[in-house]
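The chain contents come next:
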Amino acid sequence: MSPSGVSGAGGVSGARLRLGILLSGRGSNFLAIAKNIREGRLAGVEIGVVISNVEGAAGIAAARELGLTTAVHVSKGRKRAEHDAEMLATLRAHNVDLVILAGYMRLLSPEFIAAYHNRILNIHPSLLPAFPGLDAQQQAFDYGVKVAGCTVHFVDEHLDHGTIILQRVIEVLDGDDAHSLAERILAEEHIAYSEAIARVASGDYAMEGRRFVKRA
Ligand code: GRF
């Protein structure tokens, strides 16, 4: 195991790194990852299961169409700890190594985060630590920043806070509105998430304090 807690996909066993995707909505980040896997751009990685906490999420319908294994664990009205325990059981049943939050719009319980310590990734549509939380693109636009972007990071017990894996940056154009900015950030997200997964899967990177850096 590397210090990030994830075995390199090209490790001794040659076993593939199995992803568990968690989503709540349209799932465009999930679809970008699935496409990169299908087209051979994410070697040594496969999707074990796609889980939605929302019945009828577009992302879960898309996963079914792709023939992937899916599960729906509706979270509405459920206690977080109980709901997360169910998701954990599903992830384990499908031998998931790495959990990918792809528009999963619910906080995870401390138990869940501990169970997959340093093995949960999230993508956030801002250059963290700026603009954590909801509507990050609108927050950035309203603030008047000149550059914006997205961040892929490990998940810890604080919101949008864990060690950063990578960021992609775009310029904010004078003609932008919050919507056009969000669209261009999303295009970067679709590149960033697979790149980040590849780095984690490679085993070539290690966590040094808050820094995720290539091993010397
Ligand atoms: C993305 O903007 C992501 O950064 C944020 O939620 C959104 C999910 O979009 N965490 P999609 O469901 O992947 O299309």
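Above this text you will find the structure in question.
These notes cover the structure that comes with them. Bear in mind the structure is a predicted one, so any value in this text is a computation, not a measurement.

Right, let's talk about the overall build of the protein for a bit. Within the protein, the secondary structure is distributed over six helices and nine strands. Its C-alpha atoms give the protein a radius of gyration of 17 Å, near enough to 17 Å, the size a compact globule of 216 residues would have. The C-alpha extent of the protein, read off along each of the three principal axes, is 50 × 50 × 35 Å. The burial tally for the protein puts 50% of its 216 residues in the buried class. Taking the average location of the 22 positive side-chain charges in the protein and that of its 24 negative ones, the two points are 5 Å from each other.

The subject of this paragraph is the packing of helix H5 (residues 136-143) against helix H6 (residues 178-202). The contact between H5 and H6 brings their axes to 9 Å, and the two run at 125 degrees. As judged from the angle between their axes, H5 and H6 are oblique. In the packing of H5 onto H6, the handedness of the crossing is right-handed. Contacts between H5 and H6 involve Gln-137, Gln-138 and Phe-141 on the former and, on the latter, Ala-178, Leu-181, Ala-182 and Ile-185.

With that settled, the discussion passes to the layout of surface pockets. Approximately 990 Å³ is the volume attributed to the largest pocket. Looking at the lining of the largest pocket, the elements with two or more residues in it are helix H1 (28-38), helix H4 (110-115), strand E5 (120-124), H5 and H6. Of all the elements, H6 adds the most residues to the lining of the largest pocket, at five residues.

Turning our eyes to something else, we now look at the pattern of salt bridges. Inspection of the entire model under this criterion finds nine salt bridges. One salt bridge connects Arg-41 with Glu-39, and the closest N-O pair in it is separated by 2.7 Å. Here Arg-184 makes a salt bridge to Asp-176, at a shortest N to O gap of 2.2 Å. Its relative accessible area of 27% is what places Arg-184 among the partly exposed residues. A residue is classified by how much of its surface remains accessible, and Asp-176, at 9% relative accessible area, is buried. Here the salt bridges share partners, and the residues they tie into one network are Arg-16, Arg-18 and Glu-46.

Leu-22 and Leu-121 are the most contacted members of the largest nonpolar core, which totals 59 residues. Considering every element that reaches this core, the biggest residue donor is H6, with eight residues. Residues in contact with Leu-22, not counting those within four places in the same chain, are Ile-51, Met-87, Leu-91, Val-99, Ile-100, Leu-101, Ala-102, Tyr-104, Leu-108 and Phe-112.

Reading the values: rules and limits
Residues numbered from 1 in each chain as written. Predicted model: local features only at pLDDT ≥ 70, side-chain atom pairs only at ≥ 80, totals over all residues. Heavy atoms only, no water. Helix = DSSP H or I, 4+ residues; strand = E, 2+ residues; numbered from the N terminus. Rg over C-alpha atoms; globule rule 2.2 N^0.38 Å. Buried < 20%, exposed > 50% of the residue type's maximum accessible area, 1.4 Å probe, protein only. Lys, Arg positive; Asp, Glu negative; His and termini not counted. Charge placed at Lys NZ, Arg CZ, Asp CG, Glu CD. Axes fitted to C-alpha atoms, helices over the stretch in contact; angles between N-to-C directions. Parallel < 35°, antiparallel > 145°, perpendicular 65-115°, else oblique. Left-handed = near helix turned anticlockwise from the far one by under 90°. Contact = heavy atoms within 4.5 Å. 1 Å grid on protein atoms, 1.4 Å probe; cavity = no way out; pocket = protein on both sides within 12 Å on 5 of 7 lines; lining within 4 Å. Points joined across faces, edges and corners; volume = space filled by probe spheres on them. Salt bridge = Lys/Arg side-chain N within 4 Å of Asp/Glu carboxyl O. Core = buried A, V, L, I, M, F, W, Y, C linked by side-chain atoms within 4.5 Å.

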